[in-house]
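Structure at a glance
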Amino acid sequence: MTYSPEVFEAPHARMPSFEPGPAEQLFGKLLLEGLQSSEGKFSSALGAFTSTCFPQEGVRVAVVLYAPGQPRLLVSREGGGTKGLERTLERLVKHPRYSALAGHEKVRVQLDFVTNPPTPMDLGKVGMTLRGDRHFEVGLEGIELRTNAGKRHLFLPGDAFVYSIMSLQQLRAHLHSSFGPETVAQAHCARFHSESYLWIDGRFHRLYRGMPLVGPLTREKLSEALMLAVDHVLREQNTDGTYLYYYDAATDSRRDHEHPTRDPETNPYYNILRHSGGALNCLYSDQLRGERRSYDSARRAIEYLIAQARTYTTDAGEAAYIYSERKAKLGGSGLGLYLLAEYEITTGDTRYHHWAQRLARHLIHQITASGEFIYYNIYLDENIDERRNANYFSFYYPGEAICGLARYLHLIGETERTPYFNHLHRALHYLINIRPTERADQYTNVPSDAWLMMGIKELWDFPAMRKADYFNFVVSDARQMVAQMYKVDTAPYPDYAGGFYYQFGDYPYSDGARMEGLMGAYQLALKAGQMEIAQEIWPALCLGAWATLHLVNTPAAIYSAPNTARSLGGIRFKYTRQWFRIDTIQHVASFYARLLGHWPGPET
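Heads up: these notes are all about the structure in this document. Treat the numbers as computed from the prediction; the structure is a model and nothing was measured.

**Things to note about the packing of aromatic side chains**
- Under the defined criterion, the tally for this structure stands at 45 aromatic pairs.
- Centroid distance Phe49 to Phe54: 6.3 Å. Interplanar angle 25°. Geometry classified as stacked.
- Accessibility expressed as a relative area gives 0% for Phe49, which makes it buried.
- Look at Phe54 and you get buried, because its relative accessible area is 2%.
- Chaining the aromatic ring pairs together yields one cluster made of Phe18, Phe27, Phe49, Phe54, Phe113, Tyr197, Trp199 and Phe204.
- Arg310 extends its terminal NZ or CZ atom over the ring of Tyr323, reaching a point 3.7 Å from the ring centre.

**Considering empty space enclosed by the protein**
- Enumeration over the complete set of coordinates arrives at one cavity of 30 Å³ or more.
- Its volume calculated, the largest cavity comes out at about 30 Å³.
- In terms of lining, the largest cavity is formed by His232, Val233, Glu236, Tyr243, Leu244, Ile582 and Ile585.
- When residues of the lining of the largest cavity are traced back to their parent elements, those giving at least two are helix H9 (219-235) and helix H21 (582-596).

**Remarks on the nonpolar core**
- If you look at the biggest cluster of nonpolar residues, it comprises 170 residues, and the most contacted ones within it are Ile143, Leu222, Ile456, Leu518, Leu541, Tyr592 and Leu595.
- In terms of residue count, the dominant contributor to this core is helix H19 (residues 531-548) (11 residues).
- Leu35, Val61, Leu85 and Val109 belong to the second-largest nonpolar core, a separate cluster that totals 30 residues.

**Comments concerning the packing of helix H14 (residues 397-408) against helix H16 (residues 450-459)**
- The contact between H14 and H16 brings their axes to 7 Å, and the two run at 20°. As far as their axial angle goes, H16 and H14 are roughly parallel. The two elements H14 and H16 cross, and the hand of that crossing is left-handed. Touching Gly399, Glu400, Ile402, Cys403, Ala406 and Arg407 of H14 are Trp451, Leu452, Met454, Gly455, Glu458 and Leu459, all from H16.
- In terms of residue class, the contact of H14 with H16 is built from seven nonpolar, two polar and three charged.

**Topic: the sheet that holds strand S4 (residues 119-120)**
- Strands sit in the order S4-S7-S5-S6 across an open sheet of four strands; the sheet is antiparallel. Among the strands making up the open sheet, the edge pair consists of S4 and strand S6 (152-155).
- Two strands pair when backbone bridges link them, and S4 and strand S7 (residues 188-192) are joined in this way by two bridges, in the antiparallel orientation. In the sheet register, Pro120 faces S7, and the bridge partner there is Ala190.
- Lying on the sheet, helix H7 (residues 168-179) is in contact with strand S5 (142-146) and S6; it crosses S6 at an angle near 140°.

**So, unusual backbone geometry**
- Its identity is not glycine, yet Arg209 carries a phi of approximately 60°, on the positive side.
- Looking at Arg209, the relative accessible area reads 1%, which means it is buried.
- Of note, the phi angle at Arg326 is positive, near 65°, even though the residue is not glycine.
- When you line up the elements, Arg326 lands in the loop between strand S13 (317-322) and strand S14 (327-329).

**Some remarks on the environment of Ala160**
- Here Ala160 shows up in helix H6 (residues 159-162).
- Of the residues examined, Ala160 reaches a relative accessible area of 0% and is grouped as buried.
- A C-alpha to C-alpha distance of 44 Å links Ala160 and Leu363, two positions 203 residues apart in sequence.
- Setting aside its immediate chain neighbours within four residues, Ala160 contacts Val138, Gly139, Phe155, Ile165 and Thr576.

**Quick notes on the pattern of salt bridges**
- Overall, the coordinates contain 27 salt bridges when judged by the stated rule.
- Here Arg274 and Asp583 are joined by a salt bridge, their closest N and O atoms 3.4 Å apart. Note that Arg274 is positioned in helix H10 (residues 272-289) and Asp583 in helix H21, a separation of 309 residues in sequence.
- Take Arg274: its relative accessible area is 22%, and that puts it in the partly exposed class.

**Focus on the side chain of Ser333**
- As for its placement among the helices and strands, Ser333 is situated in helix H12 (residues 330-347).
- If sequence neighbours within four positions are ignored, Ser333 has contacts with Tyr321, Ile322, Leu359, His362 and Leu363.

**Re the sheet that holds strand S3 (residues 108-114)**
- Spatially, six strands are ordered S2-S1-S3-S8-S9-S10 in an open sheet, and the strand pairing comes out antiparallel. Whereas interior strands pair on both sides, the edge strands pair on one side only; in this sheet they are strand S2 (70-78) and strand S10 (211-212).
- Bridging between strand S1 (residues 60-67) and S3 involves seven bridges; their strand directions are antiparallel. Residue pairing in the sheet places Leu65 in a bridge with Val109 of S3.

Parameters and conventions
Residues numbered from 1 in each chain as written. Predicted model: local features only at pLDDT ≥ 70, side-chain atom pairs only at ≥ 80, totals over all residues. Heavy atoms only, no water. Phe/Tyr/Trp six-rings, centres within 6.5 Å; stacked < 30°, edge-to-face > 60°. Buried < 20%, exposed > 50% of the residue type's maximum accessible area, 1.4 Å probe, protein only. Lys NZ or Arg CZ within 6 Å of the ring centre and 35° of its normal. 1 Å grid on protein atoms, 1.4 Å probe; cavity = no way out; pocket = protein on both sides within 12 Å on 5 of 7 lines; lining within 4 Å. Points joined across faces, edges and corners; volume = space filled by probe spheres on them. Helix = DSSP H or I, 4+ residues; strand = E, 2+ residues; numbered from the N terminus. Core = buried A, V, L, I, M, F, W, Y, C linked by side-chain atoms within 4.5 Å. Axes fitted to C-alpha atoms, helices over the stretch in contact; angles between N-to-C directions. Parallel < 35°, antiparallel > 145°, perpendicular 65-115°, else oblique. Left-handed = near helix turned anticlockwise from the far one by under 90°. Contact = heavy atoms within 4.5 Å. Nonpolar A, V, L, I, M, F, W, Y, C, P; charged D, E, K, R; others polar. Pairing = 2+ DSSP bridges. Salt bridge = Lys/Arg side-chain N within 4 Å of Asp/Glu carboxyl O.

Pasting the structure below:
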């Protein structure tokens, strides 16, 4: 494949540009020395500031200090340029908590320069989905609350990222919690923008929406993100083989924001589908790098998986399904088989082959005469048969089952495959030709069945499984995904580019799962020798890769995290949401592993 450099340069073209030079580096060094000196003297830093590219005029300067495990410290004062910075630093050193943060060996410093006066705003009449003057963009706009007594409370634009806020509802709740509902209701409210910079690990970064700028897309950045993600998954694997399932980096908590009353210690939740995905991600990385570093970890994950298996007898022999959380999900067994097959293919280790065989028999047993899968054979400890199946529909489980079966077919002989081919053709006929009509209410204008796209790509290895309608389905979904992706020249905000949307103007869905599906379409086109289609998809893969890089917890991106060791390498759900799960990591990192395997030519 060939590519054009514009594909890589374009995504960040509309973003602010910043590359610290000698003047900025000197100022940062002197500022840190002033903070960590016992006297708190900043004359040298202030002198160096005048030679930097930072705003030399404005209406307000804010300085924020962060240190792991401590509440941050924010101080701001009116005035722009050197005068505003000097006044802010003078007030900063007088704060009771100044010494504890400034003297910390891992202190991080954020500078926000407000260059234009705040604009009055009614907080109750703006929103992310509104347009025109009533639109408020969380992460890019800050809020100033000024009380009748003259006291000012600031919510900096990037505080949305720091406090894991994405919506106006969450923002209002945060303001009420921080300053009190009465204060928020009575205060004069105004909105403002700022230029924000972060000094961390001896270097300045420009912040946009609270996150360090991603810059151009390169092989090096994708490789680093993949390595950080895999390191996180391996580091956070428990001794029993499970993974850190959910983590909120803003609060250093495993308490799920969707289930806030569920105590992760006394009532943990663990989705077995996502467990298998975590191990798959590590195996993909090993395949890419020619390494064996995740093999022991994968075996621990598999041992946990098969400990949840229940066996039974079919006409074809002994079968097994995965039972977890009082359910036996088709997808749990499907991805379980995918993991077992991928492990055997990658390592050559056949010790789990009999378990793969049992899971494969179960999955085939779940295909009905119509071709529809039975989605749960157990739901909350009740057996589910074909008559009750319609009440337990799952859009994604069939694709996950097909992925598992497709990989398993590589482990058995040609004569053994024929019965599987027959069942799979029946299932695919239902999924592609019947389900869109029977389950039309489950489809959206942004295709979401990435597992099915990947499953068809996997099956293309076998000539008996190559049919035009399978190929056309994958390409059609891929083209629809690309059509619903923000482009560089039309995105409402530059960092929206590469994210998906249902309605234009939506907050971007930078979605690793869908990008895996798009990657599957690209690989299928290559397998089928359809190079024009592959070239058509490639720019969207690059654009989506650039967008998802905004979700990666790089060392610079975890500047505000109370527990940086646990936060590093996580891949978040949304731009300014700090929580991540094993699957939010898995989907993006697996996409990167596959993308890097096709990366063409020298990086830009």
